[in-house]
Amino acid sequence: MKTTLKILSCIFLGVGLLAIGCSKDGDPGSDGLQGEQGIQGEPGQDGEDGVDGKDGNANVVASDWFHPTESDFTSSSDSHKTLPLPLSNYNVNEDVLLVYYYDQYENNSSYSHFYLIPYYRYHIDGQTIDKSITVDIRPTFYKMYVKITSYSRNLSPREYLWEPDALNPENKGVRFRYVIIPSNTATGKNASSPSIKNSFEYTKKELSNNGIDINDYYAVCDYYGIAY
């Protein structure tokens with residue numbers, strides 16, 4: 001009997017040790033090596049630059065048309081006429097002044113009868129001046145004086161007057177108008193000094209760079225948003 005109990009005790013002890021040994025977890029294994037980093041994708045394309053905005057033209061001043069009558073001239077002879085015209089909103093140190101005249105008498109213009117003053121008409125030889133239209137600016141007195149001169153003959157009334165009731169609607173005569181362009185509008189914002197910015201030649205160059213002929217009245221009006 002004692003022998004049987006010893007045998008059973010040994011069996012139970014072995015089974016217990018076996019159960020304990022099977023239930024114990026093993027030591028964790030070492031971490032695996034990290035995978036290689038993926039290839040970086042190509043950068044996206046840059047967006048297109050926006051178009052530069054156009055400088056504002058709100059400060060450009062255009063006068064009404066002046067229609068001269070015989071009594072408007074302060075100096076008058078058969079071959080020379082002086083016409084005083086009011087001039088406002090003009091700063092001689094900062095602005096550019098363009099004076100145009102519309103002439104239905106001179107029916108040979110490539111700009112549809114519009115001329116930028118000063119204007120000179122030459123004889124057939126191409127060198128001798130036959131007629132001139134110039135302007136004398138007097139900003140202190142808020143005036144400018146348009147001078148019409150013929151060097152070889154008397155002036156016809158159609159060359160210095162505007163006759164709205166003329167029988168021929170295509171030959172009413174002449175009329176005048178000015179455009180004042182502030183320097184920061186006429187020549188952009190990158191000019192090096194005021195003396196350059198308000199110069200006629202600089203303005204002419206800047207307009208030319210934008211495809212505008214300063215002698216072309218319609219093109220200048222379109223560029224600055226001026227009604228004809």
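Everything below is about the structure shown above.
1. Observations concerning the sheet that holds strand 5 (residues 114-117)
- Taken together, the four strands give an open sheet; going across it, the order is 1-9-4-5, and neighbouring strands pair in antiparallel fashion. Looking at which strands have only one partner, the edges of the open sheet turn out to be strand 1 (61-62) and strand 5.
- With two bridges connecting them, strand 1 and strand 9 (residues 174-182) associate as antiparallel partners. Its bridge partner being in strand 9, A62 is matched across the sheet by V179.
- Where helix 5 (residues 217-224) meets the sheet, its contacts fall on strand 4 (95-103), strand 5 and strand 9, and the angle it forms with strand 4 comes to roughly 135°.

2. Some points on helix 5
- Counting buried residues in helix 5 gives six out of eight residues, a clear majority hidden from the surface.
- Y217, A219, V220, C221, Y223 and Y224 are the residues of helix 5 that are buried.
- Where helix 5 begins, one side-chain oxygen reaches toward the backbone nitrogen of Y218, 3.3 Å away; that side chain belongs to D216.
- One or two positions beyond helix 5, positive phi appears at G225, with a value near 70°.

3. Notes on unusual backbone geometry
- Here the amide bond leading from I117 into P118 is cis, since omega sits at 10°, within 30 degrees of zero.
- Phi at N89 takes a positive value of approximately 65°, unusual for a residue other than glycine.
- Look at N89 and you get exposed, because its relative accessible area is 57%.
- At Y142, a residue that is not glycine, the phi angle is positive and equals roughly 55°.
- Looking at where Y142 falls in the secondary structure, it is placed in the loop between strand 7 (129-138) and strand 8 (143-150).

4. Description of the sheet that holds strand 7
- Across the sheet, which stays open at both edges, the five strands sit in the order 2-3-8-7-6 with antiparallel pairing between neighbours. Since the sheet does not close on itself, it has two edges, and those belong to strand 2 (75-76) and strand 6 (119-122), each with one partner.
- Bridge analysis of strand 3 (residues 80-86) against strand 8 gives seven bridges, and the strand direction is antiparallel. Bridging across to strand 8, K81 finds its partner in I148.

5. A word on helix 4 (residues 200-209)
- Looking at helix 4, one finds that the buried residues are T203, E206 and L207. Around the axis of helix 4, the buried residues are gathered within 100° of arc, so they sit on the same side. Those residues of helix 4 that are exposed and aimed more than 90 degrees away from the buried face are E201, K205 and N209.
- A positive backbone phi angle near 80° is found at G211, which sits one or two residues after helix 4.

Reading guide: rules and limits
Residues numbered from 1 in each chain as written. Predicted model: local features only at pLDDT ≥ 70, side-chain atom pairs only at ≥ 80, totals over all residues. Heavy atoms only, no water. Pairing = 2+ DSSP bridges. Helix = DSSP H or I, 4+ residues; strand = E, 2+ residues; numbered from the N terminus. Contact = heavy atoms within 4.5 Å. Axes fitted to C-alpha atoms, helices over the stretch in contact; angles between N-to-C directions. Buried < 20%, exposed > 50% of the residue type's maximum accessible area, 1.4 Å probe, protein only. Polar contact = N/O pair within 3.5 Å; in protein donor to acceptor, adjacent residues only side chain to side chain. Arc of directions from axis to C-beta.

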